Amino acid sequence: MTGITLAVPSKGRLEELTRDWFAARGLTITRPGGARSYLGAIEGHPEITVRFFPASEIARELIRGSIDFGVTGLDLIHETSETGPQNVVFAQALGFGGADVVVAVPAPWIDVTHMHDLADVASDFRSRHGRWLRIATKYITITRQHFALAGIAEYRIVESLGATEAAPASGVADIIVDITTTGSTLTANALRVLDDGVLLKSEANLIISRAAKWTDRRRGQLDGVLEKLGISAKF
């Protein structure tokens, strides 16, 4: 392997913003095969192969080391693997794709404002209702990590496959852990974020894989790209 591989989101606003970010720094990403092609390039840089992947797949492949560097959300690195952050270098936050992973409870739970209140609720939920507190989420890894840090163990995760914010109203779950940008959807569904309920503040990042097979030549190629981008990242 002599060149380096850059992975960028394959569609939507995230792809557009990523390509604009690189172009503004003199690196124009091309996609010769059109929107359905998963292979691209950077003009004037034949040593770089561009791959177009879904953002979640970019996170997984960065952690595995099958791609060298790429753009994906901070939340996806943390969610994909408990050790994900240790397997990558967060080289640069890009200033777009911002969202928070939050704990939200039903608005009528007026006495539950912080995680320690939720710990009290979880501990006596079974005695009051004959079951554990149910949490609907797509963010299973992040939820488990942060609830463990908060000393909350008596709960059950309900994996969300659809609109997570609808789970409490439908009776599927009691509270949720979800990602939000403005909070308006949570409010519309009579949910409220705990005062200390932001588990992770996420945005798109340029991320380098520690697990990739780095040779002196390939690291030199990466350093050249990072220098052009105005980024200093050591690993």
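Up top is the structure these notes are about.
My aim in this report is to walk through the structure given alongside it, one point at a time. (Residues numbered from 1 in each chain as written. Predicted model: local features only at pLDDT ≥ 70, side-chain atom pairs only at ≥ 80, totals over all residues. Heavy atoms only, no water.)

## Observations regarding the sheet that holds strand β2 (residues 29–30)
Here we have seven strands laid out as an open sheet, ordered β2-β3-β4-β1-β5-β12-β6, and mixed in their pairing. The open sheet is flanked by β2 and β6 (88–93), the only strands paired with a single partner. Here strand β1 (residues 4–9) runs beside strand β5 (residues 69–73); their pairing, made up of two bridges, is parallel. Bridge assignment links Ala7 to a residue of β5, and that residue is Gly70. Across the sheet, helix α2 (residues 55–64) touches β1, β4 (45–53), β5, β6 and β12 (204–209), and the angle it forms with β5 is around 130°. (Pairing = 2+ DSSP bridges. Helix = DSSP H or I, 4+ residues; strand = E, 2+ residues; numbered from the N terminus. Contact = heavy atoms within 4.5 Å. Axes fitted to C-alpha atoms, helices over the stretch in contact; angles between N-to-C directions.)

## Quick notes on helix α1 (residues 12–23)
The terminal C-alpha atoms of α1, which comprises twelve residues, lie 17 Å apart, in line with the 16 Å expected from a rise of 1.5 Å per residue. Turning to α1, its buried residues number three or more, namely Glu15, Thr18, Trp21 and Phe22. Looking straight down α1, one finds that the buried residues subtend no more than 130° of arc, so they occupy a single side. (Expected span 1.5 Å × (residues − 1). Buried < 20%, exposed > 50% of the residue type's maximum accessible area, 1.4 Å probe, protein only. Arc of directions from axis to C-beta.)

## A word on the environment of Asp195
In this fold, Asp195 is placed in strand β11 (residues 191–202). Separated by 187 residues in sequence, Asp195 and Val8 have C-alpha atoms that sit 34 Å apart.

## Digging into helix α5 (residues 140–149)
Looking only at α5, the buried set comprises Ile140, Thr141, Ile142, Thr143 and Phe147. Just beyond α5, the residue with positive phi is Gly151, at close to 75°.

## Focus on unusual backbone geometry
Here the phi dihedral of Ala190 falls at roughly 60°; this positive angle occurs in a residue that is not glycine. Summarising the element assignment, Ala190 is placed in the loop between α7 (184–188) and β11.

## Looking at the packing of aromatic side chains
A complete count under the given rule lists two aromatic pairs for this structure. Judged by centre distance (5.2 Å) and plane angle (80°), the rings of Trp21 and Phe22 are edge-to-face. Phe22 matches Trp21 in its accessibility class, with the two residues each being buried. When the ring centre of Phe52 is taken as origin, the NZ or CZ atom of Arg31, which lies over that ring, is 3.9 Å away. The ring of Trp214 is capped by Arg218, whose NZ or CZ atom sits 5.1 Å from the centre of that ring. (Phe/Tyr/Trp six-rings, centres within 6.5 Å; stacked < 30°, edge-to-face > 60°. Lys NZ or Arg CZ within 6 Å of the ring centre and 35° of its normal.)

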